[in-house]
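Coordinates in review
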Amino acid sequence: MNNYPYDMKPMYPTMSTQNVTLVDPYVIRTLETIRGRNVVVETVRGSLHGVLMDVKPDHIVVKSDNGDSRFFVRIQQIVHIMPI
């Protein structure tokens, strides 16, 4: 027999998963100032040349130099960006 009244049960912490996205407002504001310009984006996987088309809190959109492809690059994967 337990010591709890019939309508009470012991509370155990439940395991939950939370996604966390780091947003750097200074980086986003700076990227917005070069929107529409040609850039070189250095990522952890290599470099990318093209036009910075859009800036979102978690990614940027770069249109390739030949205009055939658009790349969505997570801001967390960017090492540096250089306007050209």
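Note: the structure precedes this text.
Report on the accompanying structure. Computed from a prediction, not measured in an experiment: that's the story for all the values here. (Residues numbered from 1 in each chain as written. Predicted model: local features only at pLDDT ≥ 70, side-chain atom pairs only at ≥ 80, totals over all residues. Heavy atoms only, no water.)

Right, let's talk about the sheet that holds strand β1 (residues 38-43) for a bit. With respect to topology, 5 strands assemble into an open sheet ordered β4-β3-β2-β1-β5, the strand pairing being antiparallel. Where the open sheet ends on each side, the last strands, each with one partner, are β4 (70-74) and β5 (78-83). Averaged over all neighbouring strand pairs, the angle between strand axes comes to 45°, with direction disregarded. Sheet analysis places β1 next to strand β2 (residues 46-55), joined by 6 bridges and oriented antiparallel. In the sheet register, V39 faces β2, and the bridge partner there is G50. Where helix α1 (residues 25-33) meets the sheet, its contacts fall on β2, β3 (59-64) and β5, and the angle it forms with β2 comes to roughly 85°. (Pairing = 2+ DSSP bridges. Helix = DSSP H or I, 4+ residues; strand = E, 2+ residues; numbered from the N terminus. Axes fitted to C-alpha atoms, helices over the stretch in contact; angles between N-to-C directions. Contact = heavy atoms within 4.5 Å.)

To continue, consider the packing of aromatic side chains. Here the structure, examined in full by the defined rule, presents 0 aromatic pairs. When the ring centre of Y26 is taken as reference, the NZ or CZ atom of R29 above it lies at 5.3 Å. (Phe/Tyr/Trp six-rings, centres within 6.5 Å; stacked < 30°, edge-to-face > 60°. Lys NZ or Arg CZ within 6 Å of the ring centre and 35° of its normal.)

For the rest of this paragraph, the subject is the nonpolar core. Ranked by size, the top nonpolar core spans 13 residues in total, and within it L31, V41, L52 and I60 carry the most contacts. Within the residue set of this core, elements represented by two or more residues are α1, β1, β2 and β3. For this core, the element with the most residues is β2, which contributes 3 residues. Not counting residues within four places of it along the chain, the set of residues in contact with V41 comprises G46, S47, L48, I60, V62, I78, H80 and I81. (Core = buried A, V, L, I, M, F, W, Y, C linked by side-chain atoms within 4.5 Å. Buried < 20%, exposed > 50% of the residue type's maximum accessible area, 1.4 Å probe, protein only.)

This paragraph deals with the pattern of salt bridges. Counted by the stated rule, this structure contains 2 salt bridges. Ionic pairing is found between E32 and R35, a salt bridge with its closest N-O pair at 3.9 Å. The class for E32 is partly exposed, based on a relative accessible area of 38%. Since its relative accessible area comes to 39%, R35 is described here as partly exposed. Close ionic contact of K56 with D54 constitutes a salt bridge, the shortest N to O distance being 3.3 Å. Judged by relative accessible area, K56 falls into the partly exposed class, the value being 35%. Overall, the relative accessible area of 24% leaves D54 in the partly exposed class. (Salt bridge = Lys/Arg side-chain N within 4 Å of Asp/Glu carboxyl O.)

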